[in-house]
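Secondary and tertiary structure notes
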Amino acid sequence: MQDIKKLDFQKIEKKWQSKWEKKKAFEPKVGGKNKYYVLEMFPYPSGSGLHMGHAFNYTLGDIYARFKRMKGYNVLYPMGYDAFGLPAENAAIKEKTHPKKYTQKAINNFIKQQKSLGLSYDWTRILKTCDPEYYKWNQYFFLKFYENGLVYRKKSAVNYCAKCDTVLANEQVHDGKCWRHSDTEVEIKQLEQWFINTTKYAEELLKEIPNLNWPERIKSMQKNWIGKSEGTEITFKINNTDWKVFTTRPDTIFGVTFLVISAQHPQLMSIVTEKQKNHVDTFLKMARSTKQEEIDKLEKEGVFTGSYALHPLTGEKIPIYAGNFVVAEYGSGMVMAVPAHDQRDFDFAKKYNLPIKQVIKSKENSILKAYEGSGQLINSEGFNELFSEEAKTHITKALEYKQLGKAVVQYKLRDWLVSRQRYWGTPIPMIYCKECGIVPVEEKSLPVKLPDKVKFGKGNPLTTNSSFLKVKCPKCNSPARRETDTMDTFFDSSWYYLRFTDNKNNKKPFEKEKVSYWMSVDQYIGGAEHANMHLIYARFFTKALRDLGFLSINEPFMKLFNQGMIHGEDGHVMSKSRGNVIDPLEITKKYGADTLRFFLVSSASPDKDSLWSKEGIEGSLRFVKKLYTILSEIKIGSSSVKLEHWINKTIKNVTSEIEGMKYNTALINVRRLLEKIEEEKEIKKSDLLSIIKIISPVTPHIAEELWEKLGKKSLVSLEQWPKADESKISEELEAQEKIQHQTLDDIKNIIKIVQEKQNKNPEKIYLYAIPKELSVYNIQYLESKLDKKIKIFAVNDPNKYDPENKSQKAKPGKPGIYLE
RNA sequence: GCGGGGGUAGCGAAGUGGUCAAACGCGACAGCCUCAAGAGCUGUUUCCUUAGUGGAUUCGGAGGUUCGAAUCCUCCCUCCCGCACCA
């Protein structure tokens, strides 16, 4: 019996999945007022297939898409594959196959698994970024960016991962290590690379954050990443050349007693004197060999360069040190040190016996610590008595007047390094000509196709294909060399949501009309790990494309939802090495897709982490079966007033809870409703249909099956979401129901006590209600629950049977009770 | 250090000023069903007390506001996540 039921679910799922596809149920067209775009972060198709996190992510989106569709929206809900990338290339090499083959196989597997979950994607809009039809537009945008000064090539200190064998963007370095290899220190190399001018949009990226309906933590992460600080850029003369220094505390300028230049500063050697050269070299050797982990605990160290700078306001000679604690890439890589008012400078000064000059009044006259707060200026000729805030302005103005400084804004955000020395990515459409220099590929020659035939081994595989490598210069026709670097795959994922709106267009990346209709994405769903990567790049792209006339929106994703993580039964993150991985496909086979979907969204609020549990999935199976059984077996007739109350109340609650993505509590309401239905003999058909509708986003397969069983020819997935009839909701009725339950509990309690204490087994029950409430008690219900005879009297009934005068105990909402 | 989010009954998890000893699930226990097991069904699940009552103690800890606090305020402890010598 068990097994047959399980098999039924399997069959039902297959049946409806193919019906949805045949009937093109989920393929929207441009048009209509209420568009709604639901999107999950598209997956990287790994060879190991879908994991539970994917299943969870897509279930969340699917429920939402189905709900919005039934609410009458024209819903765009597409799926694609972030198919380029290093892991595929490496995996393919390992398996001695081609990345293209490897990826295609992985994608096919993903599609199969996603379909088996019953996800309502518009499969005609599918896209994969490794398709030339897609990456052609990557190249096109790259050229457009180049034309508009948003792409440039520059030699600079870049991050390099030896395991990836390529350079990385700043965002891909986590804690000094490669984002893919947490055991690999990133090396700093001086290389010439392609950059995208993301910092041009730093201010706008920051400014718009408060307007986004995103989780706070993602917003704060982006804010920190962009890292705006306002301050003053001050010029110090060193050997008659200008050196700039950035500070947020120009009010402390009279407290500067030395300067510190970063040990990694490219021009460091130019200010090191002959005499100090040896010292500096020794120091650099030591500083360079320091590992990232040690930097945390590292003491501030430095060495005198031998040079002095002139103080811009006092003209004093200020010694310059090279230091290990100054970040080369931020500001100008050199800082002015004010030991009295900056703890780091203080530590440094103490260590090397440098003077400490107080310029801000502080309450405590401590010499153990720097006073970092603001206050009234002292020892600052011409600015004494001023408070920090006004002093900042005045001093900056004074510097501006002397042309030795200006107010500036600094960001931590760096330009996006996009070139990668790897094969499996979009070729960068550039050509190097000996005569003409860097020449962009002409638009009509796009796409620059990734050649299949390359040798994998050391270095960039693209250099091994000479017919790819050797080209003619588009300008002068002389022999030239093609760029062999490919693009960071985050380039691909920065605009895929736009391509979904018009994925088959082979003349343009997308039609403006279509993109204007569908964008922005109304609900985006994905993990938090992309806060400072994909989500920043995509925002940048949208703004850049807007300014190039492709779009008219400012932000790609208005609402963002971060799902929690599904942990293994042991409480740890699911991982192969821990052996706690649960494969969604296996679960679907064993318990059915509806059960898996139900389980994933019922155990906890979807934004929180939750635990996989065998008992949990089995509990979900029990419920889904029960749901199906009860709804398919209940007699069609009329609904009681009580049932109507519960149905409408449930519709009302479930609607608002799904809207707010509180699927877990929505399902609790459904559970309660089912209990109420169980207590009934029959139900009105239209009520039953409404119930099937509200369960259909979460358990779509059994919903369709039940819908069909009731003689419906349509798809419930495309039906109108029911509206709660407020007039049927009666809190009074619910209160009365509570009284029944309370009375039932009371009687049971008394029976128990009587049985235990008096060893009697009462057979008859007498209730004494206050006259007004006589009709509130449902004697039939109570009798059926207790399997005993019950008589009810009004407390003032002169003929009542009440040997122990229990009627005196009666209160509103509580009858007197006598048993015998 | 900075920023964000948590700590609720055996476990998971709702609840953000009264209707809260606190939904729901899981587990556990008891009963029914059954030859038996599972499934299913019914009930119990902070403690004491009790013919349905009354009381005590609970929502990380300590204080406070309030007629009233899991919910608001202050301080502290603790866990998770992100950034981190950014001048």
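Conventions used here
- Residues numbered from 1 in each chain as written.
- Chains lettered and ligands numbered in written order.
- Predicted model: local features only at pLDDT ≥ 70, side-chain atom pairs only at ≥ 80, totals over all residues.
- Heavy atoms only, no water.
- Helix = DSSP H or I, 4+ residues; strand = E, 2+ residues; numbered from the N terminus.
- Rg over C-alpha atoms; globule rule 2.2 N^0.38 Å.
- Buried < 20%, exposed > 50% of the residue type's maximum accessible area, 1.4 Å probe, protein only.
- Lys, Arg positive; Asp, Glu negative; His and termini not counted.
- Charge placed at Lys NZ, Arg CZ, Asp CG, Glu CD.
- Pairing = 2+ DSSP bridges.
- Axes fitted to C-alpha atoms, helices over the stretch in contact; angles between N-to-C directions.
- Parallel < 35°, antiparallel > 145°, perpendicular 65-115°, else oblique.
- Contact = heavy atoms within 4.5 Å.
- Nonpolar A, V, L, I, M, F, W, Y, C, P; charged D, E, K, R; others polar.
- Near = heavy atom within 4 Å.
- Polar contact = N/O pair within 3.5 Å; in protein donor to acceptor, adjacent residues only side chain to side chain.
- 1 Å grid on protein atoms, 1.4 Å probe; cavity = no way out; pocket = protein on both sides within 12 Å on 5 of 7 lines; lining within 4 Å.
- Points joined across faces, edges and corners; volume = space filled by probe spheres on them.
- Left-handed = near helix turned anticlockwise from the far one by under 90°.
- pLDDT = per-residue confidence, 0-100.
- Salt bridge = Lys/Arg side-chain N within 4 Å of Asp/Glu carboxyl O.

So, about the overall build of chain A. Helix and strand content of chain A: 25 helices and 32 strands. Taken against the 2.2 N^0.38 rule, which gives 28 Å for 820 residues, the C-alpha radius of gyration of chain A at 36 Å runs more than 25% over that of a compact globule. With the C-alpha coordinates of chain A rotated into their principal frame, the extents come out at 115 × 75 × 50 Å. A burial count over chain A gives 55% of its 820 residues as buried. Counting 130 positive and 104 negative side-chain charges, chain A places the averaged centre of each group 4 Å from the other.

Note: strands within a sheet are paired through backbone hydrogen bonds, in either parallel or antiparallel orientation. Taken in spatial order, the 4 strands make up an open sheet running S6-S5-S9-S17, and their pairing is antiparallel. Edge strands, defined here as strands with exactly one partner in the open sheet, are strand S6 (166–168) and strand S17 (416–417). Both strand S5 (residues 151–161) and S6 contribute to a ladder of 3 bridges, which runs antiparallel. Across the sheet, residue cysteine 161 finds its bridge partner in S6, namely threonine 166.

All right, on to the packing of helix H19 (residues 614–633) against helix H23 (residues 700–709) then. Taken N-terminus to C-terminus, the directions of H19 and H23 make an angle of 10°; their axes are 10 Å apart at the nearest point. On the basis of their axis angle, the class for H19 and H23 is roughly parallel. In this structure, H19 contributes Val624, Leu627, Tyr628, Leu631 and Ser632 to the contact, and H23 contributes Ile702, Glu705, Leu706 and Lys709. For the contact of H19 with H23, the class distribution of residues is 6 nonpolar, 1 polar and 2 charged.

Let's shift gears to the sheet that holds strand S2 (residues 74–76). The parallel open sheet is built from 4 strands, whose spatial order is S2-S1-S24-S25. At either margin of the open sheet sits one strand with a lone partner, and together these are S2 and strand S25 (560–562). Averaged over all neighbouring strand pairs, the angle between strand axes comes to 20°, with direction disregarded. Across 3 bridges, strand S1 (residues 35–40) lies against strand S24 (residues 523–526) in parallel orientation. When the bridges of S24 are listed, glutamate 40 appears paired with isoleucine 525.

Looking now at the protein's contact with RNA strand B. Every one of the 48 residues lining RNA strand B counts as a neighbour, but Thr248, Arg344, Arg622, Asp746 and Pro815 are closest to it. Per the 4 Å cut-off to the protein, sugar and phosphate atoms form 59% of the nearby atoms of RNA strand B. At 3.3 Å from a phosphate oxygen of RNA strand B is found a side-chain nitrogen or oxygen belonging to serine 229. Threonine 248 has a polar backbone atom sitting 2.4 Å from a sugar or linking oxygen of RNA strand B. Contributions of two or more residues to the surface near RNA strand B are made by helix H7 (216–226), strand S11 (241–247), H19, helix H21 (663–678), helix H24 (731–758) and strand S32 (816–819). Here the surface near RNA strand B gets 6 residues from one element, more than from any other, and that element is H24. Among the residues making up the surface near RNA strand B, the classes are represented as 17 nonpolar, 13 polar and 18 charged.

For the rest of this paragraph, the subject is the layout of surface pockets. Empty space within the second largest pocket amounts to approximately 1900 Å³. Lining the second largest pocket we find 49 residues, and of these Tyr44, Ser46, His51, His54 and Glu529 sit closest to its centre. At the level of elements, helix H2 (52–70), helix H3 (86–94), helix H13 (489–492) and helix H17 (584–591) are the ones that each hand at least two residues to the lining of the second largest pocket. It is H2 that provides the largest number of residues to the lining of the second largest pocket, a total of 5 residues. Partitioning the lining of the second largest pocket into residue classes produces 21 nonpolar, 20 polar and 8 charged.

Attention now moves to unusual backbone geometry. The omega torsion across leucine 446 and proline 447 is 0°, close enough to zero to call that bond cis. A cis geometry characterises the amide bond from methionine 519 onward to serine 520, with omega recorded as 5°. Of note, serine 520 is situated in the loop between helix H15 (512–518) and S24. Here asparagine 477, not a glycine, exhibits a phi torsion of approximately 70°, which is positive. Residue classification places asparagine 477 among the exposed positions, given a relative accessible area of 52%.

Moving on to the packing of H19 against H21. Between two packed helices, the angle of one axis relative to the other and the distance separating the axes together describe the packing. At their nearest, the axes of H19 and H21 sit 11 Å apart, and the two run at 40° to each other. One element, H19, and the other, H21, form an angle in the oblique class. By crossing handedness, the relation of H19 to H21 is classed as left-handed. Contacts between H19 and H21 involve Phe623, Lys626, Leu627, Ile630 and Leu631 from the first element and Val670, Arg671, Leu674, Ile677 and Glu678 from the second.

Let's shift gears to the confidence of the model for chain A. Of all residues in chain A, 97% attain a pLDDT of 70 or more, and the chain-wide mean is 91. Counting interchain partners and residues more than four positions distant, the pLDDT-below-50 stretch residues 1–7 has 4 contacts. Predicted complex metrics record ipTM = 0.94 and pTM = 0.93.

Bringing the pairing of strand S10 (residues 229–238) into the picture now. Here is the key point about a regular strand: its side chains alternate between the two faces of the sheet. Where burial is concerned, most of S10 is hidden: 8 out of the 10 residues are buried. Pairing geometry for S10 and strand S16 (residues 405–410), over 6 bridges, is antiparallel. Residue pairing in the sheet places glutamate 233 in a bridge with lysine 406 of S16. For S10 and S11, the ladder comprises 7 bridges, and the chain directions are antiparallel. Bridging from a neighbouring strand, phenylalanine 236 pairs with tryptophan 243 of S11. With antiparallel pairing between neighbouring strands as the criterion, S10 and S11 make up a hairpin whose turn holds 2 residues, including asparagine 239 at a positive phi of roughly 50°. Examined bridge by bridge, S10 and strand S13 (residues 302–310) share 2 bridges and lie antiparallel to one another. Across the sheet, isoleucine 238 pairs through a bridge with alanine 309, a residue of S13.

This next bit is on the pattern of salt bridges. Under the counting rule described, the total for this entry stands at 46 salt bridges. With a closest N to O distance of 3.5 Å, lysine 626 and glutamate 678 form a salt bridge. Pair noted here: lysine 626 is in helix H19 and glutamate 678 is in helix H21, with a separation of 52 residues, a long-range link. Assessed through its relative accessible area of 36%, lysine 626 is described here as partly exposed.

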